[in-house]
Amino acid sequence: MKEVGARGTSPELPGTGQQVVKVIGNLCFSIFVVSVLVFSVIAATYQPPDPWFQTSKAITKSLSATLPNSTFATDDSLLPTGEDLVASPPSAANAGAALLDNNSFPTSSACDPNAPLNCSNPAVLAAIQRFNSKIFRKSIIFISYDTPVNGSNPDECDAAWRFRNRLEKSWRRYRDYRRFRLAPAENCTFEVVRAGKFRSGTNAARRPRRATSPPAIQIPDLDINDTIPTVGSESEFRKGRYLYYTRGGDYCKSMNHYLWSFLCGLGEAKFLNRTFVMDLSVCLAGSYTSTGENEDGKDFRFYFDFEHLKESASVVEEGDFLRDWRKWDRSSGKGQKSNGRISVRKVPTYKVTPMQLKKDKSTIVWRQFEGPEPENYWYRVCEGRASKYIQRPWHAIWKSKRLMNIVSEIAGKMDWDYDALHVVRGEKARNKELWPNLDGDTSPESLVEKVTKLVKSWRNLYIATNEPFYNYFDKLRSYYNVHLLEDYNEMWSNKSEWYNETMILNGGRPVQFDGYMRVAVDTEVLYRAKMRVETFNNLTRDCKDGINTC
């Protein structure tokens, strides 16, 4: 047993205290060394403060200081910038007029109320911008303006701009051009006396280029890029990794079924880090056609935004892909890896999961859907355990910009100031077992009774409906400015931009404005209304999906 000192302390404690003192001394020395290093670095790298990285007040002070022997000196002459478009007192305008370049800026003659209207005058554009901001600030976001041009009369100017709708979540831009009548106002400014309707300023519309020989047809909406991505060379093709789905039982099903399956394939391609080989040919189900029969050979780009899809996912078109495959693979895809041939993994059943294909090194993974329905549905690939790994990229699917241009034009013709009524009838109104009250609740008399309690009189009222009889809503015309999709059929007539553009996509053959397009446009116009009256929320006691489903 160790001895204890006279005061009952352990003989080891003094050694412990020396250790503590030693640690503290080392720490203090380390802090001193670090401080010396920091001071040395600051002294070596210090520079006087740069005013460009300081506040706006410091920058202003720096630029306004008079420095001797400096090439930057203060200048008493005018240096016009953005804020100079703001109205100034007449005396200030006259004082500076003599210093302005007559070729670049308006002179004092611009203040003469009897002078001819110069539409390129910045004050004209400023007046149009003020007017638009006041009228449409709650509906649309203005992105950019073109310089106004002359209208049809001396006091008119046509102005064009690009905009986005506030209720649309996409970044897509649309174009409008209107005719404005202007009058001189105080302090060399102008005010808008009258504004035309949507796309009334035809002089500001961009003209498509004339076709040359051979034809080089220009699409009027230059924001649309429907070009099909191609593989540039054999080496690029061999370096790529592709997921190819052959056509299955989903073809000619409803559009909702088609999208559910298509997005499954797109989601698997993303999971496997592969490029999806897509068929641009769509079969439109008979429920959307005028004949009631399925119609093959519709172009994906009629209905959906292919440009956005290309930016959101890696895709190639099936036709070009198969041609390249045959051209660059002597075995036409037999799956042999020797002699530089393109390797292929054939997958005959959906029961081979995406997880099992994750590490496959083949150039092409070829899923084949040859069994009977429903075994040959694409979406079967994403069922079961795969549903935990595959995320359908819904964000990649937007409605066609061409259809959305029609939506924008319809809303624009109502100046984005309208309410909407959604009336569901059709087969549901005829099915009394599931919807016993729907037919009566959406009768003309019932609509008048219910809608007049919800919507103010003489508002623009857009009616989105599947009711085929145009005059069915005539009783509402005694209370509202009623608008139906059929009122705007000139937007897809044989003289419309939509008609010409879709005909180009269709190899010069006219395209019918079919039932699915009508539903798409109706829905989007409905969504942009200031107030919506819905069938199953406001008009009927029935449930949306039938009896006892509310």
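All values reported here derive from a predicted model rather than from experimental measurement.

**A few points about the state of the cysteines**
Taken as a whole and assessed by the stated rule, the structure comprises four disulfides. Between Cys-252 and Cys-283 runs a disulfide, and the two sulfur atoms are separated by 1.9 Å. In this structure the cystine formed by Cys-252 and Cys-283 twists about its S-S bond by roughly 90°; its chirality is therefore right-handed. Note that Cys-252 is positioned in the loop between strand 6 (242–245) and helix 6 (255–271) and Cys-283 in strand 8 (residues 281–284), a separation of 31 residues in sequence. Cys-252 gets classed as partly exposed once you look at its relative accessible area, which sits at 24%. Here Cys-543 connects covalently by a disulfide to Cys-550, the sulfurs 1.8 Å from one another. For the disulfide bridge between Cys-543 and Cys-550, the dihedral angle about the S-S bond is near -120°, and by the sign convention the bridge is left-handed. Given the relative accessible area of 11%, Cys-543 is considered buried. The exposure class assigned to Cys-550 is exposed, which follows from its relative accessible area of 77%.

**A closer look at the pattern of salt bridges**
As enumerated under the stated definition, the model contains 37 salt bridges in all. Between Asp-474 and Arg-477 there is a salt bridge, with the nearest N and O atoms lying 3.0 Å from each other. Residue classification places Asp-474 among the partly exposed positions, given a relative accessible area of 31%. Across the pair Glu-534 and Arg-532 runs a salt bridge whose closest N-O atoms are separated by 3.7 Å. When its relative accessible area of 37% is taken as the criterion, Arg-532 is described as partly exposed.

**So, the sheet that holds strand 7 (residues 275–278)**
An order of 10-7-6-12-11 is seen for the five strands of this open sheet, with the pairing classed as parallel. Looking at the sheet topology across the chains shown, the edges are occupied by strand 10 (315–317) and strand 11 (344–347). Averaged over all pairs of adjacent strands, the angle between strand axes in this sheet comes to 25°, irrespective of strand direction. Lying over the sheet, helix 6 contacts strand 6, strand 7, strand 10 and strand 12 (364–367), oriented at roughly 160° with respect to strand 6.

**Structural notes on the packing of aromatic side chains**
Inspection of the entire model under this criterion finds 39 aromatic pairs. Here Phe-302 and Tyr-303 contribute two aromatic rings whose centre-to-centre distance is 6.2 Å and whose plane-to-plane angle is 65°, an arrangement assigned as edge-to-face. Assessed through its relative accessible area of 3%, Phe-302 is described here as buried. Since its relative accessible area comes to 1%, Tyr-303 is described here as buried. The ring centre of Phe-271 lies 4.4 Å from the NZ or CZ of Lys-358, which sits over that ring. The ring of Trp-260 carries Arg-392 above its face, with NZ or CZ at 3.5 Å from the centroid.

**Digging into the nonpolar core**
Counting residues in each nonpolar core, the largest one holds 89 residues, and the members touching the most others are Leu-182, Phe-262, Phe-276, Phe-300 and Ile-410. The element that contributes the greatest number of residues to this core is helix 6, accounting for nine residues. Every residue in contact with Phe-262, bar those within four places of it in the chain, is listed here: Phe-276, Met-278, Phe-300, Leu-309, Trp-378 and Ile-397. The next biggest cluster of nonpolar side chains, apart from the first, holds 16 residues, and it includes Val-423, Phe-473, Leu-476 and Tyr-480.

**Regarding the confidence of the model for the chain**
Per-residue confidence for the chain gives a mean pLDDT of 81, with 77% of residues at or over 70. Element-level mean pLDDT values for the chain span from 34 in helix 3 (residues 90–97) up to 98 in strand 15 (residues 481–484). This model gives residues 1–14 a pLDDT under 50, and the stretch forms three contacts once residues within four places in sequence are excluded. When the criterion is pLDDT under 50, residues 209–219 qualifies, and its contacts beyond four places in sequence or with other chains add up to six contacts.

**Some thoughts on the side chain of Ser-400**
Tracing the backbone shows Ser-400 in the loop between strand 12 and helix 11 (401–413). Residue Ser-400 is classed as buried on the basis of its relative accessible area, which comes to 2%. When neighbours within four sequence positions are excluded, Ser-400 is seen to be in contact with Arg-172, Arg-301, Phe-302, Tyr-303, Phe-304 and Asp-305.

**Topic: the pairing of strand 13 (residues 419–423)**
Among the five residues of strand 13, four are classified as buried, and the element is accordingly described as predominantly covered. Relative to strand 14 (residues 460–465), strand 13 is paired through five bridges, and the arrangement is parallel. The residue of strand 14 that forms the bridge with Val-423 is Thr-465. Summarising the sheet, strand 13 and strand 16 (residues 532–533) pair through two bridges and their orientation is parallel. Residue pairing for strand 16: Ala-420 is matched across the bridge by Arg-532.

Rules and cut-offs
Residues numbered from 1 in each chain as written. Predicted model: local features only at pLDDT ≥ 70, side-chain atom pairs only at ≥ 80, totals over all residues. Heavy atoms only, no water. Disulfide = S-S within 2.5 Å. Helix = DSSP H or I, 4+ residues; strand = E, 2+ residues; numbered from the N terminus. Buried < 20%, exposed > 50% of the residue type's maximum accessible area, 1.4 Å probe, protein only. Salt bridge = Lys/Arg side-chain N within 4 Å of Asp/Glu carboxyl O. Pairing = 2+ DSSP bridges. Axes fitted to C-alpha atoms, helices over the stretch in contact; angles between N-to-C directions. Contact = heavy atoms within 4.5 Å. Phe/Tyr/Trp six-rings, centres within 6.5 Å; stacked < 30°, edge-to-face > 60°. Lys NZ or Arg CZ within 6 Å of the ring centre and 35° of its normal. Core = buried A, V, L, I, M, F, W, Y, C linked by side-chain atoms within 4.5 Å. pLDDT = per-residue confidence, 0-100.

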